[in-house]
Amino acid sequence: MLSTSKSGHDLDPLDELLKPPADETEEDRLIRLAQEAEARRISLQIDESIKAERQQQKKKSVVRLLLLGQSESGKSTTLRHFQRLYTPSAFREERILWRSVIQLNIVRSVRTILDALTNVRLPLVDSGGEDSDDGSPHIPQELDLLKMRLTPLRHIEALLIAKLIPPSEDEATSLIGNSSVSLFQSHRSRSTERSSRNPEVFVRPGATWKGALAKSSHRDGRPMSLDDARMTTRDEAQEVLHSCSDDIISLWNDKFVREVLRRRKIRLEELPGFFLNDLDRVTALDFIPSDDDVLRARLKTVGVSEYRCEMEAAAGREQGTEWRIVDVGGSRSQPVLATWVPFFDDVDSIIFLAPISGFDQVLAEDRSVNRLEDSVLLWKAVCSNRLLANVDLVLFLNKCDILDAKLTSGIRLSRYVRSYGDRPNDLETASKYFRSKFSAIHREYSPLPRKFYGFCTSVTDTTTTAGILASVRDMVVRRHLKQSKLL
Ligand SMILES: Nc1nc2c(ncn2[C@@H]2O[C@H](COP(=O)(O)OP(=O)(O)OP(=O)(O)O)[C@@H](O)[C@H]2O)c(=O)[nH]1
Ligand SMILES: [Mg+2]
């Protein structure tokens, strides 16, 4: 039986206090109810503002970093570096997926050579080739045989494209060719170049291709470890490359081939995705890409890729801060700027990559535009953009290793950049020169004064880049915290 009376300690003292007085009049009751309703309203308002503040707080702990620069400037490589440094286990798990990209890079390099042999009929001196009636060399017979033996690579190329690009991605048909053509090439050889273009494959970044590849390398719904992959994956492309390896090595080391490439000004070693000097290793059946291989592999980005991570490895005040790094696929300056603008909102910092090794190259997407000139135009546009007036700009004068190789091989910078004058033709002087030029543009074009952060980089080099990215990270976090306090 339920008791209706309460014992002394069951009485709620608050109930007692809040209970309306026994002698409350109707008028008092109405006033009391109105006061209670007002109190509830104020309490709700306080709850709402606490919620909004929390959301704001959450928003404040997201660091947004944008990677900008022309195509092939090294944006995705820089992003991969961040992944390697700050989410190393995910990066390691994904290395196996890059094997297909490397396979495609090798097949493309071979195709560049074969196309050069097919389409070019330049008179060669002391090349070992026999001259035909019109003065052009015949390809030596053994090279013809090599070419024939390499025909299975055509099938592998198609296979890899089908593997890397989902059928729905109809944008993945862009024709972007080999870009190492000297500005000083004659009109005739440039048009030959265009007709012999080797289309570059690209995919939308991130999940799509990795997802498709990951599915094929999962067992029982769980990701395969690298050891599993080593033991069990049967990879047709790797098998064919393995069986063609000696022939590819012979092709690449052939004197006649080297001469044709030299005369065509095709510097394969300086092109993205170059693995021909590592063929023994990368065509081995149990090949698993190293960190360096992943950084050197080339896969063009189309669209936007956002990488989110919590920088756990960076213990300290920014621990737990979420980083969102956005990599927007580059193309030539004018159209690309419009595609970048939507990402300017809310951005904390920008890393702008200018590949200074491109002083003697033209854009793949518009062969009338010099690469360095295009980078300078983009830099001016980014510096002067009013939406970015309060954003810190970090400049990476990238591909310094290639610049060094070019200058050391005797290519004179002053031939292409007249204002360089008679300064010494070495990396140190050249990078200092470019740094001061880009810094002057930054000073002149920024709507408000801001600090200039400029680094000479080779983002495929793991050691030096790790140090630079650590400084950039500290700088971005400091700036982010300062901004958050100001809000
Ligand atoms: N040697 C050398 N190669 C580099 C350097 N930076 C990038 N690369 C290579 O250049 C190629 C292009 O780099 P990506 O990072 O794909 O360029 P991107 O800016 O993302 O290009 P898009 O996706 O076309 O916008 C890759 O094969 C890289 O490995 C560098 O400093 N030195
Ligand atoms: Mg990219």
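Nothing here was measured: the structure is a model prediction, and the numbers come from that model.

Caption draft 1: Quick look at unusual backbone geometry. With a phi close to 60 degrees, Lys-265 is a non-glycine residue in the positive phi region. Mapped onto the secondary structure, Lys-265 falls in the loop between helix H12 (255-263) and helix H13 (279-282). A relative accessible area of 37% places Lys-265 in the partly exposed class. Positive phi values are uncommon outside glycine, yet Lys-399 reaches one of about 60 degrees. Position of Lys-399 among the secondary structure elements: in the loop between strand E11 (392-398) and helix H17 (400-408). Overall, the relative accessible area of 19% leaves Lys-399 in the buried class.

Caption draft 2: Structural context of the coordination of the magnesium ion (ligand 2). Coordination of the magnesium ion (ligand 2) by the protein comes from Ser-76 (OG) and Thr-301 (OG1), over a distance range of 2.0 Å. A residue pair is termed long-range when its members are at least 10 positions apart, and Ser-76 in helix H3 (residues 75-86) and Thr-301 in strand E7 (residues 300-301) qualify at 225 residues. Across the pair, exposure class does not vary: Ser-76 and Thr-301 are buried alike.

Caption draft 3: Spatial organisation of the packing of aromatic side chains. Enumeration over the complete set of coordinates arrives at nine aromatic pairs. Consider the rings of Phe-359 and Tyr-416, whose centres lie 5.4 Å apart with planes at 70 degrees: the pair is edge-to-face. With Phe-359 in the loop between strand E10 (349-355) and helix H16 (371-384) and Tyr-416 in helix H18 (residues 413-416), this residue pair connects regions lying 57 residues apart in the sequence. Each of the two residues, Phe-359 as well as Tyr-416, counts as buried. Geometrically, the ring pair formed by Phe-396 and Phe-455 is edge-to-face, given 6.0 Å between the ring centres and 85 degrees between the ring planes. Separated by 59 residues along the polypeptide, Phe-396 in strand E11 and Phe-455 in strand E12 (residues 453-456) bring together distant segments of the chain. Taking relative accessible area as the criterion, Phe-396 reaches 0% and is therefore assigned buried. We classify Phe-455 as partly exposed; its relative accessible area is 22%. Members of the aromatic cluster, each reached through a chain of ring pairs, are Phe-82, Tyr-86 and Trp-323. Taking the ring centre of Phe-359 as reference, the NZ or CZ of Lys-406 above it sits at 5.5 Å. Here the guanidinium or amino end of Arg-423 rests over the ring plane of Tyr-420, the centre of that ring lying 5.8 Å away.

Caption draft 4: Molecular detail of the layout of surface pockets. Of the voids in this model, the largest pocket is the one considered here, and its volume is about 650 Å³. Lining the largest pocket we find 33 residues, and of these Pro-272, Arg-296, Lys-399, Ile-402 and Thr-460 sit closest to its centre. Of all the secondary structure elements, the ones that give two or more residues to the lining of the largest pocket are H3, helix H14 (291-296), E7 and H17. When residues in the lining of the largest pocket are grouped by element, the largest group, four residues, is from H3. Per-class residue counts for the lining of the largest pocket are nine nonpolar, 13 polar and 11 charged. Taken domain by domain, the lining of the largest pocket gets at least three of its residues from each of domain 1 (60-87 + 311-484) and domain 2 (95-119 + 140-168 + 199-295).

Reading guide: rules and limits
- Residues numbered from 1 in each chain as written.
- Chains lettered and ligands numbered in written order.
- Predicted model: local features only at pLDDT ≥ 70, side-chain atom pairs only at ≥ 80, totals over all residues.
- Heavy atoms only, no water.
- Helix = DSSP H or I, 4+ residues; strand = E, 2+ residues; numbered from the N terminus.
- Buried < 20%, exposed > 50% of the residue type's maximum accessible area, 1.4 Å probe, protein only.
- Donors = N, O, S within 2.8 Å, 3.2 Å for Na, K, Ca; no water.
- Phe/Tyr/Trp six-rings, centres within 6.5 Å; stacked < 30°, edge-to-face > 60°.
- Lys NZ or Arg CZ within 6 Å of the ring centre and 35° of its normal.
- 1 Å grid on protein atoms, 1.4 Å probe; cavity = no way out; pocket = protein on both sides within 12 Å on 5 of 7 lines; lining within 4 Å.
- Points joined across faces, edges and corners; volume = space filled by probe spheres on them.
- Nonpolar A, V, L, I, M, F, W, Y, C, P; charged D, E, K, R; others polar.
- Domains from an automatic or database assignment.

Just geometry here; none of it tells us what the structure is for.
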